[in-house]
Structure formats: structure tokens, C-alpha cells
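Spelled out, the chains give:
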Amino acid sequence: MRGTLVTFHAHPDDEAIATGGVMARASAAGHRVVLVLGTDGELGEVAPGVLGEGEALASRRAEEVARAAEILGVSRVAFLGYGDSGMAGEPTNTAPNAFAAAPVDQAAERLVAILQEEEAEVLTVYDENGGYGHPDHIQVHRVGIRAAALARTPRVYESTLNRDHVLELMRNRAAEMGEIPDAPDPDDFTMGSPASAITTTVDVGDFVGQKRAAMQAHASQIPEDSFFLQLPPDAFREAFGYEWFIRRGERPRTHETWLFDR
Ligand SMILES: [Zn+2]
């Protein structure tokens, strides 16, 4: 029996963008893959007309993540049961059931139950800035680290972006990207981590098709005209064909290329 991978994310769609490749690759290699979501994503931005009359965004996003999970070979999707906290600085950050405001130990207990039940070998969380500073993403880092310590999960990885790789890609493709609306500005790009902080680079080039399809399943959040889906196929592959992690604990002696011991 191969070890179980648990990926912990803030909102439905984060899993496809950040770790869709390792999820698909682990599943293809015979690992059990479990997705845990801190929140239901109720406060995501949604274009007018996307939701039906009286339809809650959370229920739409639950359907979307179920489909994405199927595409990525996920065996179980679990919600911790918290509400979306909204963007940093919004009054919703401290709403009664907001994930970002939940006591870390209380939220961690819910994740511990899943880690123990699944006998998780690997847990992925986010880097300490949560990638880009969203309060629910930062909470994934705090809660995930705490839960892994309590459950004694053997291998814990912080999912991050290789900032240097992304900046190089932006410079190389400045001309093409300039034509895509909402393209990030390289002069103002502070997401992720410098290459020197990264311990683990996973090649998911064989799984970018599944990753892209999983993103498309999240149509309320990642519409066809969004920056990600507008990238030409080779640029998409360059941007999403690797996933980067910082392994917790002692830094590995050599750069790792996979999350499990082979
Ligand atoms: Zn998110």
C-alpha cells in the first residue's frame, strides 16, 4: 500500500492551481489522495450572471471542487466547516465562523482527525505568507503546521511559488503576456518564495492537461477569459508544469524532486 497524500487548501480552486499536478501524479502512482478545504469559498468574486436565482456561491463551488477532484484522482474531499474570511482587511475576517478567526488549536483538531484516520504520510500546507497574504491562506499554514505536529505526520511540505522562475517566465514572455488582461506586473510581484528557499521541485509536466481541466472545472472563479486559461499552451506548461515546496524540519541535503520517499 502506497502512502496517503493529504493536501490542505483554503478555498475550492486553490488545490487545482497550487498542487493539482502533485495530486494527479500521486494518484497515478497509486497513492491515495485526500483534499481538505478550510472554507467553502462563499466570499469569492463571481461575475454577474454566473449564479442562478438564489444560488449560493458555496454550493456552486462545492460542485466545482467535486468535479476538479474527480479529474485529479482525489479519493476524498473534506471540508473543515469554516466560512470564507474574505480578502485581508475586510470586516468578514472576524465574522463568527470565519476560518481566519478560528482558534488554531480548534481548527487543527478537525484536521488532526482526518490525518489520523487517513494515516497521512505527506501533508501539504502553504508557506507562511499563504502565497499571497489572504488571511485564509495564512491560516492554512498555521493550522496545518499545528495539526501535523499533533498527528505526527511524517512529511510536511509548504506549497509555494518559485518567485524567480515566475519572474523569468514573465520577462521571457512579456510581449505575449502584455496582451492578456489582468496579467501580473513583474515589478510588483511578491508572491511565493525565492528559489533559494525551495527544497523540492516536482515536475508535473505530464499532468498539466489534468491540472488545466481541474482549473476549468472551477468556472465560477477561473473563467475561460481569465489570465491562467488565456495563457498559450506552452506558456501554461512553463507556468504550471512544476510545483514547488519547502519541506518542514531539517532541510534535505540534496534538492528533492518528489514528496514521497521512492
Ligand atoms: Zn484561496
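Residues numbered from 1 in each chain as written. Predicted model: local features only at pLDDT ≥ 70, side-chain atom pairs only at ≥ 80, totals over all residues. Heavy atoms only, no water.

Colleague: Explanation requested: the packing of aromatic side chains in the structure shown.
Modeller: Taken as a whole and assessed by the stated rule, the structure comprises eight aromatic pairs. Judged by centre distance (5.4 Å) and plane angle (35°), the ring pair of Tyr82 and Phe99 falls under tilted. Of the two residues, Tyr82 is situated in strand E3 (residues 76-82) and Phe99 in the loop between E3 and helix H3 (104-118); the sequence distance between them amounts to 17 residues. Side by side, Tyr82 and Phe99 carry an identical accessibility label, which is buried. Cluster of aromatic residues (ring-pair linked, three or more members): Phe227, Phe228, Phe236 and Phe240. Above the face of the Trp258 ring, Arg25 is positioned so that its terminal group lies 4.2 Å from the ring centre. If you follow Arg212 out to its NZ or CZ, it ends over the ring of Phe236, 5.6 Å from the centre. (Phe/Tyr/Trp six-rings, centres within 6.5 Å; stacked < 30°, edge-to-face > 60°. Helix = DSSP H or I, 4+ residues; strand = E, 2+ residues; numbered from the N terminus. Buried < 20%, exposed > 50% of the residue type's maximum accessible area, 1.4 Å probe, protein only. Lys NZ or Arg CZ within 6 Å of the ring centre and 35° of its normal.)

Colleague: Can you walk me through helix H9 (residues 233-240) in this structure?
Modeller: Residues lying three or four places apart along an α-helix face the same way, a consequence of the helix completing one turn every 3.6 residues. Residues Ala235, Phe236, Ala239 and Phe240 constitute the buried set of H9. What you see down the axis of H9 is that its buried residues fit within an arc of 110°, all on one side. Among the structural elements, helix H1 (14-28), helix H5 (163-172), helix H7 (208-217), helix H8 (227-230) and strand E7 (242-247) are those in contact with the buried residues of H9. (Arc of directions from axis to C-beta. Contact = heavy atoms within 4.5 Å.)

Colleague: Sorry if this is basic, but what is going on with the nonpolar core here?
Modeller: Taken as a class, soluble globular proteins show a tendency for nonpolar side chains to be buried jointly. Leu231 and Leu259 are the most contacted members of the largest nonpolar core, which totals 43 residues. For this core, the secondary-structure elements that each account for two or more residues are H1, strand E2 (33-39), helix H2 (57-72), H5, H7, H8 and H9. Not counting chain neighbours up to four residues away, the residues in contact with Leu259 comprise Leu5, Val22, Val122, Thr124, Arg155, Tyr157, Thr200, Val202 and Phe245. Ala108, Ala120, Val125 and Val140 belong to the second-largest nonpolar core, a separate cluster that totals 26 residues. (Core = buried A, V, L, I, M, F, W, Y, C linked by side-chain atoms within 4.5 Å.)

Colleague: Mind showing me how you'd approach the pairing of strand E5 (residues 155-160) here?
Modeller: When a strand is regular, its side chains alternate between the sheet's two faces. Burial runs high along E5: six of the six residues are buried. Neither face of E5 is left uncovered, since the one carrying Arg155, Tyr157 and Ser159 and the one carrying Val156, Glu158 and Thr160 both have all their residues buried. Sheet topology places strand E4 (residues 120-126) next to E5; five bridges connect them, and they run parallel. Bridging across to E5, Val125 finds its partner in Glu158. (Pairing = 2+ DSSP bridges.)

Colleague: What is the right way to look at unusual backbone geometry in this model?
Modeller: Comment: phi is negative for the bulk of residues other than glycine, and the bulk of peptide bonds are trans. Of note in the backbone geometry, Asp13 takes a positive phi value of approximately 105° without being a glycine. Accessibility expressed as a relative area gives 9% for Asp13, which makes it buried. The backbone of Arg152 sits at a positive phi, close to 55°, despite the residue not being glycine. With respect to the helices and strands, Arg152 occurs in the loop between helix H4 (135-151) and E5.

Colleague: Would you mind showing me how to read the packing of H7 against H9 here?
Modeller: Interhelical geometry of H7 versus H9 gives an angle of 95° and a closest axis separation of 10 Å. In terms of their interaxial angle, H7 and H9 are classed as roughly perpendicular. Contacts from Val208, Lys211, Arg212 and Met215 in H7 reach Phe236, Arg237 and Phe240 in H9. (Axes fitted to C-alpha atoms, helices over the stretch in contact; angles between N-to-C directions. Parallel < 35°, antiparallel > 145°, perpendicular 65-115°, else oblique.)

Colleague: How do you make sense of the pattern of salt bridges when you look at a structure like this?
Modeller: When the charged atoms of two side chains with opposite charge come close together, those side chains can pair. Throughout the structure, instances matching the rule amount to 14 salt bridges. Arg76 is the salt-bridge partner of Glu118, the closest N and O atoms lying 2.7 Å from each other. Taken together, the residues Glu118 in helix H3 and Arg76 in strand E3 connect sequence positions 42 residues apart. Exposure remark for Glu118: the relative accessible area of 10% places this residue in the buried category. The shortest N-O distance in the salt bridge between Arg173 and Glu238 comes to 2.5 Å. Here Arg173, found in the loop between H5 and helix H6 (174-178), pairs with Glu238, found in helix H9; they are 65 residues apart in sequence, far enough to count as distant. Shared partners join several salt bridges into a network, and the residues in it are Arg32, Arg76, Glu117 and Glu118. (Salt bridge = Lys/Arg side-chain N within 4 Å of Asp/Glu carboxyl O.)

Fair warning: the whole summary comes from geometry, so function is off the table for now.
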